[in-house]
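Close look at the chain arrangement
This is what each chain is made of:
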Amino acid sequence: MYMNTSNEHIQAFIDKVYKKVKPNKSGNVATYIPQLAKADPNLFGICFVTCDGRVFKAGQSNKTVPIESISKVFSAAMAADELGVNVINEKIGNMGSSLPFNSVIGAVLTPTHTINPFVNQGAIATTSLFYQKNKEAFRKKILSNMDKYAGRKLSLNKPVYKSEGATNSTNMALSYLLKSFDRFYGDVDDTVDVYTSQCSVNVSAEDLATMACVFATGGVHPHSGDRIISKNAAKYTYRALRGEGLYEYSAKWDTDVGAISAKSGVGGGIFIIIKGVGGIGLVSPPLDKMGNSVRGIQAGTILAKKFNPLFKAHATFCKNKKTRRKKHKKNKKTQRKV
Ligand code: GLU
């Protein structure tokens, strides 16, 4: 089936999905970080940003939630970009995990201990790769990296930062454990503090869609056209995230929607990267038992399937790709003539 990619058709489809999913009131907001328990369970926003910079929204697409675990993707991407894919592969690695995202048993029993950059063990260790003595400079490095993807200065949710900082004993324990295995690369107190602030940055569905889209284009910002990270680092991030981003639901997601990378966070955000097509951002705080936004997974599954290039023709989503295809066809014709 060929998908109609006109603006009207895409917007109508997103509106339809929003209407269908909005009444779903199941799930519970996260409570293990006390401030997250105050989140609005009715908040629901969707945004889709295409590689050629079109923006489609439904619901409260500009209302923010703390980014939480989704922030891990940007530190991993920065490590791949600035330090090299071989460095992150060696110092963090990428092993599958079927245990909860902050499992102490996982840190002990997994041969690499750091597991992968998208669970807490590997994520805090990834942040530690950028450790510097000047804590504010260290924090700025990690936080301002995310602003580049969003294309705007993201704000810090101070109450969430304080609340998580006061209750992060598990993350401290994991970090000391990693240090004992020689798999942690900075001061524990400072790194966990900076990691906590990276998780407390506010993002909307529109921010998440824009940020996801940078990976979908292969590292270029969909609005400014600026290169944010190398193509190689974007490819690494997309691939490393596959099958890892949605906690214990990851494998099922991968089978259901077909090779599309996604990451969720306990604040209720989800971002979905559809290579060569665009990014989807979803925000809705009530979570399922695995820690994923209930409405986010329901709407994200329908949207990702619809926009998946493996299932639908998608050439018109990305002008660059279209131009490349045209050139390719022209070259082929010239070759035939010769
Ligand atoms: N800041 C949270 C933590 O470290 C992130 C967890 C998540 O979103 O999965 O516990």
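Residues numbered from 1 in each chain as written. Predicted model: local features only at pLDDT ≥ 70, side-chain atom pairs only at ≥ 80, totals over all residues. Heavy atoms only, no water.

**Remarks on the pairing of strand 6 (residues 269–274)**
As a reminder of what qualifies: Burial classification: accessible surface area is computed with a 1.4 Å probe over protein chains only, and a residue below 20% of its type maximum counts as buried, one above 50% as exposed, and the rest as partly exposed. Each helix is a run of DSSP H or I of at least 4 residues and each strand a run of E of at least 2, with the numbering of both proceeding from the N terminus. Criterion used throughout: strands pair if DSSP finds at least two bridges between them.
Burial analysis of strand 6 places six of its six residues in the buried class, the great majority of the element. Burial along strand 6 is two-sided: Gly269, Phe271 and Ile273 facing one way and Ile270, Ile272 and Ile274 facing the other are all buried. Where strand 5 (residues 261–264) meets strand 6, four bridges bridge the pair, whose relative direction is antiparallel. If you follow serine 261 over to strand 6, its bridge partner there is isoleucine 273.

**Details of the confidence of the model for the chain**
Where the model shows low pLDDT, its predicted coordinates should not be examined in detail. What counts here: pLDDT measures the predictor's confidence residue by residue and takes values from 0 up to 100. Here a residue-residue contact requires only that any non-hydrogen atoms of the pair lie within 4.5 Å.
For the chain, the mean per-residue pLDDT works out to 91, and 90% of the residues sit at or above 70. A low-confidence stretch, residues 334–338 stays under pLDDT 50, and its non-local contacts, those more than four residues away or across chains, total zero contacts.

**Thoughts on the pairing of strand 5**
Alternating residues of strand 5 divide into Ser261 and Lys263 and Ala262 and Ser264, and every residue in both groups is buried. The antiparallel pairing of strand 5 with strand 6 creates a hairpin that spans four residues between the two strands, and glycine 268 there sits at a positive phi of about 105°.

**Quick word on the site of the ligand**
Stated precisely, the cut-off is as follows: Definition of nearness: a residue and a molecule or strand are near each other if at least one heavy atom of the residue lies within 4 Å of the molecule or strand. Between N or O atoms, a polar contact is any pair within 3.5 Å; within protein, one atom must be a potential hydrogen donor and the other a potential acceptor, and residues adjacent in sequence are included only when both atoms are from side chains. Computed with a 1.4 Å probe, the accessible areas rest on the Shrake-Rupley method; for each residue, only the protein chains presented here act as cover.
Around the ligand sit Tyr32, Glu68, Ser69, Phe101, Asn120, Glu164, Asn171, Tyr195, Cys199, Tyr247, Gly265 and Val266, and that is every residue in its neighbourhood. Contacts to the ligand include asparagine 120, whose side-chain N or O atom sits 2.9 Å from an oxygen atom. The protein chains hide 99% of the 300 Å² of surface that the ligand would expose on its own.

**Here's the deal with empty space enclosed by the protein**
This is how it is decided: Points on a 1 Å grid over protein atoms alone make up a cavity when a 1.4 Å probe fits among them but cannot get out, and a pocket when they form an open set with protein on both sides within 12 Å along at least five of seven lines; lining residues each have an atom within 4 Å of a point. Grid points are joined across faces, edges and corners, and a volume is the space filled by probe spheres set on the points. Classification convention: Asp, Glu, Lys, Arg as charged; Ala, Val, Leu, Ile, Met, Phe, Trp, Tyr, Cys, Pro as nonpolar; all other residues, Gly among them, as polar.
In total, this model carries one cavity of 30 Å³ or more according to the counting rule given. Its boundaries defined by the atoms lining it, the largest cavity holds a volume of some 30 Å³. Residue lining of the largest cavity: Leu241, Arg242, Gly243, Glu244, Gly245, Leu246, Ser250, Trp253, Ile260, Ser261 and Ala262, and that is the complete set. Secondary-structure elements contributing two or more residues to the lining of the largest cavity are helix 12 (250–258) and strand 5. Its residues placed into classes, the lining of the largest cavity shows five nonpolar, four polar and two charged.

**Observations concerning the nonpolar core**
Using the following cut-off: What we call a nonpolar core is a set of buried Ala, Val, Leu, Ile, Met, Phe, Trp, Tyr and Cys residues that are connected through their side-chain atoms within 4.5 Å.
By size, the foremost hydrophobic cluster in this structure holds 59 residues, and its most contacted members are Ile67, Phe74, Tyr149, Met211, Phe215, Phe271 and Ile273. Sort the elements by how many residues they give to this core and helix 10 (residues 205–216) lands first, with nine residues. Ignoring anything within four residues of it in the chain, the contact list for methionine 211 reads Ile67, Phe74, Met146, Tyr149, Ala150, Leu154, Val203 and Phe271. Counting residues in hydrophobic clusters, the runner-up holds 28 residues, among them Phe56, Leu246, Ile272 and Ala304.

**Digging into the packing of aromatic side chains**
The test is simple: Here the aromatic set is Phe, Tyr and Trp, taking the six-membered ring for Trp, and pairing holds for ring centres within 6.5 Å; pairs whose planes are under 30 degrees apart are stacked, those over 60 apart are edge-to-face, and all others are tilted. Our definition puts a charge over a ring when NZ of Lys or CZ of Arg is within 6 Å of the ring centre and also within 35 degrees of the ring normal.
A full pass over the atoms with the stated rule returns 12 aromatic pairs. Judged by centre distance (6.0 Å) and plane angle (40°), the ring pair of phenylalanine 74 and phenylalanine 215 falls under tilted. Of this pair, phenylalanine 74 sits in helix 2 (residues 71–83) while phenylalanine 215 sits in helix 10, placing them 141 residues apart in sequence. Comparing phenylalanine 74 with phenylalanine 215 shows no difference in burial state: the two are buried. Look at phenylalanine 215 and phenylalanine 271: their rings are 6.3 Å apart centre to centre, the planes differ by 90°, and that puts the pair in the edge-to-face class. Of the two residues, phenylalanine 215 sits in helix 10 while phenylalanine 271 sits in strand 6, which places them 56 residues apart along the sequence. Since its relative accessible area comes to 0%, phenylalanine 271 is described here as buried. A connected cluster of aromatic rings, assembled from ring pairs, spans Phe13, Phe48, Phe56 and Phe307. Directly above the aromatic system of tyrosine 247 lies the positively charged group of lysine 263, at a separation of 4.7 Å from the ring centroid.

**Notes on a positive patch on the surface**
Under the convention used in this document: Patches were defined on residues exceeding 30% relative accessible area and lacking a salt bridge, with like-charge contacts within 9 Å and nonpolar side-chain contacts (Val, Leu, Ile, Met, Phe, Trp, Tyr) within 5 Å. Salt bridge, as used here, is a side-chain nitrogen of Lys or Arg placed within 4 Å of a carboxyl oxygen of Asp or Glu. Just so you know, the count uses Lys and Arg for positive and Asp and Glu for negative, and it drops His and the chain ends. Throughout, a charge is located at the NZ atom of Lys, the CZ atom of Arg, the CG atom of Asp or the CD atom of Glu.
Residues Arg227, Lys231, Lys235, Arg239 and Lys275 make up a contiguous surface patch of positive charge. With respect to the helices and strands, the residue lysine 235 is situated in helix 11 (residues 231–241). For lysine 235, a relative accessible area of 39% gives the class partly exposed.

**So, the pattern of salt bridges**
Once their charged atoms are close, side chains differing in charge can pair, the charge on each being opposite to the other. If you walk through the whole model with that rule in mind, you get 11 salt bridges. For aspartate 190, the salt bridge identified is with lysine 135, shortest N-O distance 3.9 Å. Remark: lysine 135 occurs in helix 6 (residues 135–150) and aspartate 190 occurs in helix 9 (residues 188–199); sequence separation between them is 55 residues. Classification of aspartate 190 as buried rests on a relative accessible area of 17%. One salt bridge in this structure joins arginine 242 and aspartate 254, with 2.8 Å as the shortest N-O distance.

**So, a nonpolar patch on the surface**
Residues Leu99, Val104, Ile105, Val108, Leu109 and Phe181 make up a contiguous nonpolar surface patch of roughly 520 Å² in combined accessible area. With respect to the helices and strands, isoleucine 105 occurs in helix 4 (residues 104–109).

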